[in-house]
Amino acid sequence: MVEDLPSPPALTEAEPVDDDPKRRRKDAKLLAEQARALDPWERYRTLVDTLEEAMDLVELADRKARFALVIMGALNLAFFFLVTRSELVDALPTMLRAFLGFYLLIYAGVALFFFLEAIEALKPRRFRPHLPYPGEAGAEHFPEGLRYYEDVVLRDLEAYRRAWREVRFGQLNAELAVQNHVMARINLDKYRSLRRLYGGLRVLTLLAGGLLAALALSMLASQNPAPVPVSAEPQANQSPGVVAASSGAAESLEIRALGAPVPVPAQLREASGIAWHPALARFFAVGDRGSLVEIDAAGQLLRTHRVKGNLEDVTVHAPSGRLVLLAEKKGELVVWDPATSSETARFPLDVAAVLGREPADRNQGFEGVTFQPDADLAGGGSFFLVHQRKPARLVALSFDPTAAARTIGAADVSSRHALKPYEDLTAVVWSEPLGRLLVIAESDDRLLLVSPAGTITGTWQLAGGRQEGLAFDPEGSMWVADELQGLFKIPGALAALGYAPGSAS
């Protein structure tokens, strides 16, 4: 009986047999090559490549830290500009102004953290590895200290040259391995600091953006104030155009309305003060950034001048025809001669002495100035100044602007008045026909009629966004310098304020 033998497995087309012994030997050699250990020269090149990559990472981290510092500088500059511009801070609601100090404290804390992390990311690092014994490979594979500068200087020149002549490949590769390990630790530390640095930068950007958004929304709100309700029919005890008095007004005074404002063709950036010069039959107006312009009675721009200082108001010294400009930041009265278009003197103000007390906020200084002629006084009259707030004051002083420059102090002051309950006094002008001062209480949009003795005798609702200057032209129109809306006038305002030609003031 013949036993059946198993058949050999059938070959399929999917599993071809490689009958080329030469190819099989080549493939086996490649597999063995991939599994073998690196020779010393290959290990050296690989370690050098790894070290160069680590050094590139260090340089990249430093560049990122420097770029973060550039962004930080730009943010701080913008933040500093925002919080030091009093007109921007004034746009914030009172509640938010009180919160601003706390907000600044948070920003300063984050900025300090940012700088510390920037220093941490950029500072030189030093890691000294401790290798107490040669290791399993023996002394021929122990680092000889030929590459790192702190190790190099431990030998004199001749010993260093001899060490390089005697160095083994294993020793050199061992030192490169140590350097790579140190660089890995440096990069790990740097990139941890860098992540914290950019986290602080993100918070800093959000804080600056939050302040900018608050200021922008506040300015938009201030440019679109709620309309003042006017009764359709006057009440029995009211004259036409009378507006119901708010709780913040003087109790015994009605708040009356003036006419509608009319834009003036000539416009001035950040207009902050205006005065009529009778002898030259033109207006002089100033802007916050040192602009002094001449405007005719029709509102056309005639000339522009530059005067150094943060100019807040201007008035005419009638006896000399010179202008006296108020520079708020340095607290100065600048005398300017329109005949020669040149500055003649600067009179510094001893602010605390003029106010009778130290101001609570140096950013809230004198905002308005006007001149009342009086031949019996030094300089031919009185200069009235209004201090915006903390304290809000109407101050009268006498000095001769044509004399030599000197500091104006308490001896020059003839009176001081607090126009309660009003704050935020931004402009003052003397009206000879009315025999009164007119003062703007800007945050209340009020025009106050004030006697030279400091008594408020009338109040009017005043149009505008941020009114900072007042003047009257010969036709009885009141011109207003508004920092947000530019220049505009209210025709017939003098009559609305109670003046009738031939009547007593």
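These numbers were taken from a predicted model, which means no experiment stands behind them.

1. A few points about a positive patch on the surface
Next up, step 1: The grouping of Lys22, Arg23, Arg24, Arg25 and Lys26 at the surface amounts to a positive patch.
Next up, step 2: Tracing the sequence through the fold places Arg23 in helix α1 (residues 21–35).

2. Things to note about the sheet that holds strand β9 (residues 322–327)
Next up, step 1: Taken in spatial order, the 4 strands make up an open sheet running β8-β9-β10-β11, and their pairing is antiparallel. Strands at the two margins of the open sheet, each flanked by one partner only, are β8 (311–317) and β11 (342–348). If you compare each strand with its neighbour and ignore which way they point, the axes differ by 25° on average.
Next up, step 2: By the bridge criterion, 5 bridges tie β9 to strand β10 (residues 332–337) in an arrangement that is antiparallel. Paired with Leu325 across the strands is Val334, a residue of β10.

3. Some points on a negative patch on the surface
Next up, step 1: Taken together, the side chains of Asp49, Glu52, Glu53 and Asp56 present a region of like negative charge at the surface.
Next up, step 2: Turning to its location among the elements, Asp56 is positioned in helix α2 (residues 40–84).
Next up, step 3: Accessibility expressed as a relative area gives 54% for Asp56, which makes it exposed.

4. Some remarks on the pattern of salt bridges
Next up, step 1: Applying the stated criterion to the full structure yields 14 salt bridges.
Next up, step 2: With its nearest N and O atoms 3.8 Å apart, the salt bridge here joins Glu59 to Arg63. Of the two residues, Glu59 and Arg63 are both situated in helix α2; the distance of 4 residues between them amounts to about one turn of the helix.
Next up, step 3: Arg63 gets classed as partly exposed once you look at its relative accessible area, which sits at 44%.
Next up, step 4: Ionic pairing is found between Arg346 and Glu332, a salt bridge with its closest N-O pair at 2.8 Å. Of this pair, Arg346 sits in strand β11 while Glu332 sits in strand β10, placing them 14 residues apart in sequence.
Next up, step 5: The network of salt bridges with common partners includes Glu59, Arg63 and Arg66.

5. Quick look at a nonpolar patch on the surface
Next up, step 1: Judged by side-chain polarity, Phe99, Phe102, Leu105 and Ile106 come together as a nonpolar surface patch covering roughly 400 Å² of accessible area.
Next up, step 2: As for its position among the elements, Ile106 is in helix α4 (residues 94–122).
Next up, step 3: A relative accessible area of 34% means that Ile106 is categorised as partly exposed.

6. What to know about the sheet that holds strand β7 (residues 301–306)
Within a beta sheet, neighbouring strands are joined by backbone hydrogen bonds and run either parallel or antiparallel to one another.
Next up, step 1: In space, the 4 strands of this open sheet follow the order β4-β5-β6-β7, with antiparallel pairing throughout. What marks the edges here is a single partner per strand, and that holds for β4 (271–277) and β7. For this sheet the average axis-to-axis angle between neighbouring strands, irrespective of direction, equals 20°.
Next up, step 2: With 6 bridges joining them, β4 and strand β5 (residues 282–287) adopt antiparallel strand pairing. Considered in β5, the bridge of Ala271 is made with Gly287.

7. Points about helix α6 (residues 157–166)
Next up, step 1: Buried within α6 we find Ala159, Tyr160 and Ala163. For α6, the angular spread of buried residues about the axis comes to 100°, placing them on one side. Facing away from the buried side of α6, by more than 90 degrees, are the exposed residues Leu157 and Arg165.

8. Considering the side chain of Ser431
Next up, step 1: As for its placement among the helices and strands, Ser431 is situated in strand β16 (residues 425–431).
Next up, step 2: With sequence-adjacent residues up to four places away left out, Ser431 is seen in contact with Arg436, Leu438 and Leu494.

9. Some words on the confidence of the model for the chain
Next up, step 1: The predicted model of the chain has a mean per-residue pLDDT of 81, with 81% of residues at 70 or higher.
Next up, step 2: Segment residues 224–251: pLDDT under 50, and 29 contacts once partners within four positions in sequence are set aside and those in other chains are kept.

Thresholds applied
Residues numbered from 1 in each chain as written. Predicted model: local features only at pLDDT ≥ 70, side-chain atom pairs only at ≥ 80, totals over all residues. Heavy atoms only, no water. Patch = residues over 30% accessible without salt bridge, like charges linked within 9 Å, V, L, I, M, F, W, Y side chains within 5 Å. Areas by Shrake-Rupley, 256 points an atom, 1.4 Å probe, with all protein chains shown as cover. Salt bridge = Lys/Arg side-chain N within 4 Å of Asp/Glu carboxyl O. Lys, Arg positive; Asp, Glu negative; His and termini not counted. Charge placed at Lys NZ, Arg CZ, Asp CG, Glu CD. Helix = DSSP H or I, 4+ residues; strand = E, 2+ residues; numbered from the N terminus. Pairing = 2+ DSSP bridges. Axes fitted to C-alpha atoms, helices over the stretch in contact; angles between N-to-C directions. Buried < 20%, exposed > 50% of the residue type's maximum accessible area, 1.4 Å probe, protein only. Arc of directions from axis to C-beta. Contact = heavy atoms within 4.5 Å. pLDDT = per-residue confidence, 0-100.

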